[in-house]
Amino acid sequence: MSSDTLAKVPTAPQTPGPADTPRIVPRRRYGQWAAAVAVLALLALAADSVLRNKAFQWGVVADYFTSDAVLRGLWLTLWLTAVVMVLGFALGTLLAAFRLSANPVLRAVSWGYVWLFRSIPILVQLLLWFNIGALYPQVFGVRTVDLLTPIAVAIVGLTLHEAAFAAEVVRAGILSVDRGQIEAAQALGLSRSRRWWRIVLPQAMRSIVPPAGNMLIGTLKGTSIVSVIAVNDLLFSAQLIYHRTYQVIPLLMVATLWYAAVTSLLGLGQHFVEKYYARGTEHAR
């Protein structure tokens, strides 16, 4: 074999050794680290000012945190939240069905209800229901002031307000289900009830649960507004105590800590419910 032929024979590529491999150097993010240190320093200063400020009277907070009056108010707050959410979503589901109906009258009624109760502030609604006796002194032969006690007014006012938002949440969840899947279930001969429980509802819940969880937390905190009509909830119980002892800040901190604790538990429960309904999707984490 001639030297020219040997020159044309391709040689095997050489594998680069460790010394030839380029070294990847991570980008130094000095700005992010500086911002993180600054934020942590500010948080530490804020925590120190809260814990060391004698005006908070943490000893008084500890004394009243589990007092009978506060726990009774907490129980009423939780009970009122549960009742309002159940009744509100029951009425809201009915309104959503009206809105999706082929009947133009039902659609118009549902739209009008949602528009009206979303337009009026909840405080105004409660005060109107609280003073409804001025418009209708008697209902079915019973004095209105005897029929609508402060707790009944709170339930009625909060439920009607909640239903307007629940209707939109449920309607959006139903509309999020792919129409093709419903048509496929119809082609398989599934009954209307089975299509609803097996096809529509499980998929709609993926869109319903997150805003519904936010509504639950918002309702829990929103029940504090019933203190203006003398319903003995958590906030009103704290107010009754500090009107007697003049320890305003400690009692407000008692209510604040209870609200924070309960909303944290509800947020944790919402996370697991969302994870349950997200099974089989890329969002199930």
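All values derive from a computational prediction rather than experimental measurement.

Concerning the side chain of Thr-263
No. 1: Looking at the secondary structure, you find Thr-263 in helix H12 (residues 248-277).
No. 2: Among all residues touching Thr-263, those that are not within four sequence positions of it are Ile-217, Leu-220 and Lys-221.

Quick look at the UniProt feature "transmembrane region" (unreviewed entry) in the chain
No. 1: In the numbering used here, UniProt assigns the "transmembrane region" (unreviewed entry) feature to residues 33-51, 74-98, 110-130, 150-170 and 248-269.
No. 2: Along residues 150-170 one finds 100% helix and 0% strand; the C-alpha atoms at either end are 29 Å apart.
No. 3: Along residues 248-269 one finds 100% helix and 0% strand; the C-alpha atoms at either end are 32 Å apart.

Examining the pattern of salt bridges
No. 1: Scanning the entire structure with this criterion turns up three salt bridges.
No. 2: Arg-52 is the salt-bridge partner of Asp-48, the closest N and O atoms lying 3.7 Å from each other. With Asp-48 and Arg-52 both in helix H2 (residues 30-52) and four residues apart, the pair spans about one turn of that helix.
No. 3: Taking the relative accessible area as the measure of exposure, Asp-48 reaches 36% and is therefore partly exposed.
No. 4: The salt bridge partner of Arg-99 is Glu-168, with a shortest N-O separation of 3.2 Å. Taken together, the positions of Arg-99 in helix H4 (residues 68-99) and Glu-168 in helix H8 (residues 150-175) put the pair 69 residues apart, joining distant regions of the chain.
No. 5: The structure contains a network of salt bridges with shared partners spanning Arg-99, Glu-168 and Arg-171.

Each value, and the rule that gives it
Residues numbered from 1 in each chain as written. Predicted model: local features only at pLDDT ≥ 70, side-chain atom pairs only at ≥ 80, totals over all residues. Heavy atoms only, no water. Helix = DSSP H or I, 4+ residues; strand = E, 2+ residues; numbered from the N terminus. Contact = heavy atoms within 4.5 Å. UniProt positions renumbered as here; feature names shortened; annotations may be inferred. Salt bridge = Lys/Arg side-chain N within 4 Å of Asp/Glu carboxyl O. Buried < 20%, exposed > 50% of the residue type's maximum accessible area, 1.4 Å probe, protein only.

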